Amino acid sequence: MCGIVGYIGEKNAQSILIEGLKRLEYRGYDSAGIGIMHDSKINIRKRQGKIKDLAHLLERSPLAHSHVGIAHTRWATHGSPNQANAHPHLDCTGKISIVHNGIIENYQQLKAELQKHGHRFRSQTDTEVVAHLIEHYYRRDLLSAVRLALKRLKGSFALGIISSHSPDRIIACRKDSPLIIGKGKNENFIASDVPAILEYSKEIIYLDDNEIAVVTRDNISVFNLGGKRVVKPVHRVEYDLDAAQKEGYPHFMLKEIFEQPKVSSKIISSRIKGSGIHFEELKIKENSLKNIKNIIIIACGTAYHAGLAGKYLIEYLTGISVTVDLSSEFRYRKLIIPKDTVVVAISQSGETADTLAAVRIARQRGIKILSICNVVGSSLVRESDGVIYTYAGPEIGVASTKAYTAQLSILCLLGLYLANLTKSTPRKEIDKYLAQFRKVPVLQQKILNNEKSIMQVAGRHHHFGSFLYLGRNINFPTALEGALKLKEISYIPAEGYAAGEMKHGPIALIDEYRAVVCIATASKIYDKMVSNIHEIRARAGKIIAIASQGDKEIKHYVKEVISVPLIEDLFSPLLNVVALQLLAYYIAVRRGCNVDQPRNLAKSVTVE
Ligand code: AGP
């Protein structure tokens, strides 16, 4: 996800564009750039780093005064974060400049075609293709050239375009990526999202897919791809800036919990083509993957819990032995690493000190490293032999939510991919699993639609002084993750445990002051979970059960039941954890905690 902003009017564009980018930093922040029109020439400043780094660059080397400009803050998907890949991008002539949010899925094919026509590319991005395509189609009319170029694009885009051919306007267009137009007095704006321009305009036009806007300082015309004029309503927004960056949610964490169906859909659409699973950015050859005998997963915190679930998934689907290690333990232990071992490092940020240290130790032993990461070009990615990106978009809330389910999804697909590669699971079974996996986004949404009842359960339990989370098999890691979510944002002592361990200690904790969350969704060990529930009831523990929709039996034993849709047990953590995230969130909110920035915690633990 990236942020784009454009300005055309009487004021100097530079400061408005930089302020606008700052309001969009939650959409991505690994590199940024700005392009302005001065004397019908395009001037650009761009660099790797945050928007404040770009602002410092502009202080040292300011752009000329200008009334027209576009700017961009990037969350890399194609091409590492560096200056060359930062937006805006130019065509060969330097007369067309664009900023883009989205993914051009057919960019390689278009790039090859344009190179055959002599176009010279400066970056590894998918975006740059669009600038050259417009140049390729430009005769005398910019709008026609843009329309022709858009018809060639596959994928998603929100584009801001300025050109020396028509220096008095910005062209804006979108498909599957948001783009708005802000109406001002003798000035107009374009942006990915309202926060970028809320300070200057509350009159907003929301572009729809395949619409193109021609924006001058005193006029906004919108056309469809066929060139026909479209009349667009102007909306007045009333909310303030802080709410706008969270898109109306009270906290980034809740926004990110609600983004999970969209993230799951994106993973499915970008990774599953027909019945094949694709990790196009993974540079490890299939032959090496085919001969894997052992996998060691290393990670910290939430990523570690994803790794634990990954063990169940990959071992069940492939028969490959998987061990899971905390990075902070792996790095100091006397390591016994068998031959044909691959280390899988999982990290949302790609900057966690312990995980980086553990990866370096494994590399020193010549072990191949495959990382599952959310930040393109992060330190972990640069030190791995291959990477699978989670593409969850920036995760601002300190408590990891959408990154966790994205890691789980990638581990599900990695398990199925390896199972197919090593023929350890019959093809038709893999197809059955993929059909189940494709249901995840819709089923996650069903849980989110049940938010109110989960909020009520939280309201009845936010006063408990301690929680125990119990799960079995592939939902044992879910119990650990549910406990971590609660403790890190509400500060309530919460412990996750394998339910089978109850008699080996935790049962001593049970009394009427203890809330016990039992993950008892449909599975081969459902009856064992019911036995645990009876043990807890006998000791007056207060139970919250996570159960499958349609489970009538459990309602005889447990008053507080959060129902989740039925799905193949292997994929049930992708649903169960969403309920636990909401439970933790609403308990913390009831306790008045700072949900997005919990005390003592940082989003990325870059020191030991
Ligand atoms: C999870 O909610 C925590 N913020 C924390 O445990 C986190 O998962 C851990 O620090 C690992 O971070 P990483 O995924 O960026 O490596």
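Preceding this paragraph is the structure being described.
Residues numbered from 1 in each chain as written. Predicted model: local features only at pLDDT ≥ 70, side-chain atom pairs only at ≥ 80, totals over all residues. Heavy atoms only, no water.

Enquirer: Let's hear about the sheet that holds strand 12 (residues 211-215): which residues, and what values?
Expert: Taken in spatial order, the seven strands line up as 5-6-7-8-12-13-14 in an open sheet, and their pairing is antiparallel. This sheet does not close on itself; its edge strands, each paired only once, are strand 5 (89-90) and strand 14 (229-230). Sheet topology note: the strand 13 (residues 220-224)/strand 14 ladder contains two bridges and is antiparallel. Looking at strand 14, one finds that Val222 is bridged to Val230. Across the sheet, helix 4 (residues 128-137) is in contact with strand 5, strand 6 (96-101) and strand 7 (157-163); its angle to strand 6 comes to roughly 140 degrees. (Pairing = 2+ DSSP bridges. Helix = DSSP H or I, 4+ residues; strand = E, 2+ residues; numbered from the N terminus. Contact = heavy atoms within 4.5 Å. Axes fitted to C-alpha atoms, helices over the stretch in contact; angles between N-to-C directions.)

Enquirer: So what about the site of the ligand? Which residues, and what values?
Expert: Lining the immediate environment of the ligand, one finds 14 residues, of which Ser347, Gln348, Ser349, Thr352 and Glu488 sit closest. Ser347 has a polar side-chain atom sitting 2.6 Å from an oxygen atom of the ligand. In isolation the ligand has 410 Å² of accessible area, and contact with the protein removes 90% of it. Considering every element that reaches the shell around the ligand, the biggest residue donor is helix 10 (residues 301-318), with three residues. Classifying every residue of the shell around the ligand gives five nonpolar, seven polar and two charged. (Near = heavy atom within 4 Å. Polar contact = N/O pair within 3.5 Å; in protein donor to acceptor, adjacent residues only side chain to side chain. Areas by Shrake-Rupley, 256 points an atom, 1.4 Å probe, with all protein chains shown as cover. Nonpolar A, V, L, I, M, F, W, Y, C, P; charged D, E, K, R; others polar.)

Enquirer: Run through the packing of helix 10 against helix 18 (residues 476-490), naming residues and quoting values.
Expert: Look at helix 10 against helix 18: their axes get within 8 Å of each other, and the N-to-C directions meet at 170 degrees. Taken together, the axes of helix 10 and helix 18 are roughly antiparallel relative to one another. Contacts between helix 10 and helix 18 involve Gly301, Thr302, His305, Leu308, Ala309 and Tyr312 from the former and Phe476, Pro477, Leu480, Glu481, Leu484 and Lys485 from the latter. Of the residues belonging to the contact of helix 10 with helix 18, the class tally is seven nonpolar, three polar and two charged. (Parallel < 35°, antiparallel > 145°, perpendicular 65-115°, else oblique.)

Enquirer: If you had to explain helix 16 (residues 440-449) to someone new, which residues and values would you point to?
Expert: Among the residues of helix 16, those classed as buried are Val440, Pro441, Leu443, Gln444, Ile447 and Leu448. Seen from one end, helix 16 has its buried residues packed into an arc of 170 degrees, which puts them on one side. Exposed residues pointing more than 90 degrees away from the buried face of helix 16 are listed as Val442 and Asn449. (Buried < 20%, exposed > 50% of the residue type's maximum accessible area, 1.4 Å probe, protein only. Arc of directions from axis to C-beta.)

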